[in-house]
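Observations on the three-dimensional arrangement
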Amino acid sequence: QVQLVESGGGLVQPGGSLRLSCAASGFTFSNYFMRWYRQAPGKERELVAGISAASDITNYLDSVKGRFTISRDNGKNTVFLQMNSLKPEDTAVYYCHPNGSPYWGQGTQVTVSS
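Residues numbered from 1 in each chain as written. Predicted model: local features only at pLDDT ≥ 70, side-chain atom pairs only at ≥ 80, totals over all residues. Heavy atoms only, no water.

1. Quick word on the sheet that holds strand β5 (residues 46-51)
Taken together, six strands build an open sheet; the order of strands is β2-β10-β9-β4-β5-β6 and the sheet is mixed. For this open sheet the edge positions go to β2 (10-12) and β6 (58-60), each flanked by a neighbour on one side alone. Sheet twist, expressed as the average angle between the axes of neighbouring strands with direction ignored, equals 25 degrees. Here strand β4 (residues 34-39) runs beside β5; their pairing, made up of five bridges, is antiparallel. (Pairing = 2+ DSSP bridges. Helix = DSSP H or I, 4+ residues; strand = E, 2+ residues; numbered from the N terminus. Axes fitted to C-alpha atoms, helices over the stretch in contact; angles between N-to-C directions.)

2. Focus: the pairing of strand β3 (residues 18-25)
Sheet faces and side chains relate simply in a regular strand, where the side chains alternate between the two faces. Sheet topology places strand β1 (residues 3-7) next to β3; five bridges connect them, and they run antiparallel. Bridged to Ser7 within β3 is Ser21. In terms of strand pairing, β3 meets strand β8 (residues 78-83) through six bridges, oriented antiparallel. Bridge pairing links Leu18 to Met83 in β8.

3. What to know about the pairing of strand β10 (residues 108-112)
Side-chain alternation along β10 places Thr108, Val110 and Val112 on a buried face and Gln109 and Thr111 on a face that remains uncovered. Two elements, β2 and β10, share three bridges in a ladder whose sense is parallel. By the bridge assignment, Gly10 is partnered in β10 with Val110. (Buried < 20%, exposed > 50% of the residue type's maximum accessible area, 1.4 Å probe, protein only.)

4. Points about the nonpolar core
Trp36, Phe68, Val79, Leu81, Met83 and Tyr94 are the most contacted members of the largest nonpolar core, which has 26 residues in total. Listing elements by their share of this core, those giving two or more residues are β3, β4, β5, β7 (68-73), β8, β9 (92-98) and β10. At four residues, the largest contribution of residues to this core is made by β3. (Core = buried A, V, L, I, M, F, W, Y, C linked by side-chain atoms within 4.5 Å.)

This is how it looks when you write it as structure tokens:
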């Protein structure tokens, strides 16, 4: 069955960095545009970044441009989100998602606090 396992979250001070990973299985990962979303307490889930199947197209939420970088390794069925210069407003649960599919992982918590 389809599995999406996010990891790499944690508690970090403002200005710090984290690298999230999402290991996918059960579907043809290399066929899908992949996205990272996040959801903060009391807020709607928002799209953070996306990457095309061939990694030739990426897009980002305006507030994370220049700080976050999405990448993927199709050989390892994994998508990454490198997050630098983290801010308290980046605090949320982060999810990866194959675009257009019904599949979601359990998410990984990112907390930015001093």
